[in-house]
Amino acid sequence: MRDSVDGHWVSTWAAAPQLAEPENLPPAPFTRADLVFPDSTLRQTIRTSVGGQQVRLRLSNAYGGAPLPITTAFLALPAGGRAGARAIEPGSTRPVTFDGRTSVSIPVGAQVVSDPLPFPVAPRANLTVTLYLAAGQASTRITAHPGSRTTSYVVAGDHAQDVDLAGATPVTHWYYVSGLEVWSEPGTAAAVLVGDSLTDGRGSTTDGHDRWPDRLLDRLHANPATATVAVVNQAAGGNRVLEDGLGPNALSRIDRDVLAQSGAAWLLVFEGVNDIGTAAATPQAQKQVADDLIGAYHQIVRRAHTHGIRVYGGTITPFGGNPEYDDPAGLREATRQAVNEWIRDSGRFDAVVDFDRAARDPANPRRLLPGYDTGDHLHLNPTGYQALADAVPARLFEPRPLPAGFRFD
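Residues numbered from 1 in each chain as written. Predicted model: local features only at pLDDT ≥ 70, side-chain atom pairs only at ≥ 80, totals over all residues. Heavy atoms only, no water.

As for the overall build of the protein
Consideration 1: On a plain count of helices and strands, the protein comes out with 8 helices and 25 strands.
Consideration 2: Here the C-alpha radius of gyration of the protein, 21 Å, is about what a compact globule of 409 residues would show, namely 22 Å.
Consideration 3: Relative to its full complement of 409 residues, the protein shows a buried share of 58%.
Consideration 4: The long-range fraction of contacts in the protein, counting pairs at least 24 apart against all pairs at least 6 apart in sequence, stands at 80%.
Consideration 5: Here the protein has roughly 15,500 Å² of accessible surface; of this, 52% comes from carbon and sulfur atoms. (Helix = DSSP H or I, 4+ residues; strand = E, 2+ residues; numbered from the N terminus. Rg over C-alpha atoms; globule rule 2.2 N^0.38 Å. Buried < 20%, exposed > 50% of the residue type's maximum accessible area, 1.4 Å probe, protein only. Contact = heavy atoms within 4.5 Å. Areas by Shrake-Rupley, 256 points an atom, 1.4 Å probe, with all protein chains shown as cover.)

Quick look at the structure:
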């Protein structure tokens, strides 16, 4: 099915692919010497943002050290509609195909998009993806999203169509799944969020859907003017804008994680704290990272504008008191303030979301509000994430035609 006046494909869920570090590989016996998931069934739940009558599943081998052989793949509804459910609703299983075949081998560095599958899904609904790998992947370099904040299950043998994976091992990571698209009405569009662990939801509740992007989605769908907006969370914990860290740097993943997302109309960038916090606490290093961040933001805006995507900038939230990032001389804090001043006042972004103002302690603006702080003085708890979601003006995602004669630079 091609895009038409009757509808188009829109990303309804995504997870930024990352290399699974050793501590994030599946536990034994599902990880062996140069082999992962041999004769294994993997069941994972994901949450849609917008609904549709047909879906397409994306699987990624972006960081695999060997081809990824998927023997079978199935979509189903989780038991009770719950995130992190081990069981599925009886009779809801549907096979996923790839060019008409039930199996697929994904080359190193590649992804696949499944055939369209008639599978009506509701907005903000949990879905189950079950994969069976007969041979496993012949490498311990595999593609994952460690910060899933969602429980997955793995069990030996082919149990892909079983209602309940009795005796399965729980893991709190996603493996191989990187996106779900829905065929939706022409007015539906996606807001893509690029960020680090603050957007990936460190400090949120496992299986609770209380990251700030989840709460933002709930807010937008409560407003008739934005009820058809998909929210696509492309954050990666530990990520940096300028240099690789946990996952590739943001500059290098914009094409894959934003521009290649079906139906992308808006981009919200909320990233930079890890660049500041890992740069040396010297005047020279901090000036350099501030200048380089500003240059990177220019690049991100320019590249997104080329594709007609509006770009919003999020100010960097406080880290005062964090033992790794908060230096005694306050040099990193000065950099944060300088970068935030540029985000607010430069006019480079199409709009600004002031996360700093929403999260900081008015009595001590260098620190998070105590009621929002997980205790590490960097990450937020669910109450704090609700505050971030509330700081995003819903009007930024209302469908608006570009002014006559308007041109993105």
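So, next bit.
Side note on helix 2 (residues 212-221)
Consideration 1: Counting buried residues in helix 2 gives 7 out of 10 residues, a clear majority hidden from the surface.
Consideration 2: By the burial criterion, the buried members of helix 2 are Trp 212, Pro 213, Asp 214, Leu 216, Leu 217, Leu 220 and His 221.

Describing the sheet that holds strand 20 (residues 229-233)
Consideration 1: Strand order in the open sheet formed by 5 strands is 20-19-21-22-23, with parallel pairing between adjacent strands. Where the open sheet ends on each side, the last strands, each with one partner, are strand 20 and strand 23 (351-353). Going across the sheet, the axis of each strand differs from the next one's by a mean of 25°, ignoring polarity.
Consideration 2: Sheet topology note: the strand 19 (residues 189-195)/strand 20 ladder contains 5 bridges and is parallel. Bridge pairing links Leu 193 to Asn 233 in strand 20.
Consideration 3: Relative to strand 19, helix 3 (residues 250-259) is tilted by about 160°, and along the sheet it contacts strand 19 and strand 21 (264-270). (Pairing = 2+ DSSP bridges. Axes fitted to C-alpha atoms, helices over the stretch in contact; angles between N-to-C directions.)

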